[in-house]
Amino acid sequence: MSQKEVVINIGGRTFEVACQDGEEQYLLTAARMLDGEAQVLVEQIGRMPEPRMLLMAGLMLADKTAGLEDRLREAEDRMGVLSEELRELRERPAPAPERIEVPVIPQSVSEALAEMAARAEAVADEVEVKATS
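Residues numbered from 1 in each chain as written. Predicted model: local features only at pLDDT ≥ 70, side-chain atom pairs only at ≥ 80, totals over all residues. Heavy atoms only, no water.

Visitor: When you look at the side chain of Arg13 in this model, what are you seeing that I'm missing?
Guide: Inspection of the secondary structure puts Arg13 in strand β2 (residues 13-20). Sequence-distant contacts of Arg13, defined by excluding residues within four places in its chain, comprise Ile8, Arg47, Met48, Pro49, Glu50 and Met53. (Helix = DSSP H or I, 4+ residues; strand = E, 2+ residues; numbered from the N terminus. Contact = heavy atoms within 4.5 Å.)

Okay, structure coming up:
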């Protein structure tokens, strides 16, 4: 692969950097990250020597990276615990079906309800006949 020269800006300073052809976007993204940290330094401290600015910006990025790596490790550990719990739940035998007893309506209540329904239908029929005549 051929190399390509890319111009980047960090902390108000311009640099020409070589990279492999096709990797320009990665370089530009990294330069933007470094420039963001350098801008913070310039705003807080003001102008400083180039090596010191680059060192401090690099250390700030390294600190952020270390924090993200810690969070990633914690997330991976938590994911391992949850994966183990999920595996255990999948391997656990299904629980025995629960027996539920439904109370039986006594025959006398069923008959009384049926009789009341029949009477209600008879009354409805009488009302309909009187309403249409």
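Visitor: Would you take a moment to explain the packing of helix α1 (residues 24-45) against helix α2 (residues 50-91) for this structure?
Guide: Their axes nearest at 9 Å, the elements α1 and α2 cross at an angle of 115°. When the axes of α1 and α2 are compared, the crossing they make is right-handed. Each of Met33, Leu34, Glu37, Ala38, Val40, Leu41 and Val42 in α1 lies in contact with α2, whose residues at this interface are Met53, Leu54, Met56, Ala57, Gly58, Met60, Leu61 and Lys64. Of the residues belonging to the contact of α1 with α2, the class tally is twelve nonpolar, one polar and two charged. (Axes fitted to C-alpha atoms, helices over the stretch in contact; angles between N-to-C directions. Left-handed = near helix turned anticlockwise from the far one by under 90°. Nonpolar A, V, L, I, M, F, W, Y, C, P; charged D, E, K, R; others polar.)

Visitor: Just to check I follow, could you spell out the pairing of β2 for this structure?
Guide: Here is the key point about a regular strand: its side chains alternate between the two faces of the sheet. Of the pairings in the sheet, the one linking strand β1 (residues 3-10) to β2 comprises eight bridges and is antiparallel in character. By the bridge assignment, Val7 is partnered in β2 with Glu16. The turn linking β1 back onto β2 is made up of two residues, and Gly11 within it adopts a positive phi angle of 60°. (Pairing = 2+ DSSP bridges.)

Visitor: Can you walk me through the pattern of salt bridges in this structure?
Guide: Opposite charge on two side chains permits them to pair, given that their charged atoms come into close proximity. Scanning all chains against the criterion turns up six salt bridges. We note a salt bridge from Glu115 to Arg119, for which the minimum N-O separation is 2.4 Å. Here Glu115 pairs with Arg119, and both are found in helix α3 (residues 107-132), just four residues apart, close to one helical turn. Residue Glu115 is classed as partly exposed on the basis of its relative accessible area, which comes to 41%. Connected through shared salt-bridge partners, Glu84, Arg87 and Glu91 make up one network. (Salt bridge = Lys/Arg side-chain N within 4 Å of Asp/Glu carboxyl O. Buried < 20%, exposed > 50% of the residue type's maximum accessible area, 1.4 Å probe, protein only.)

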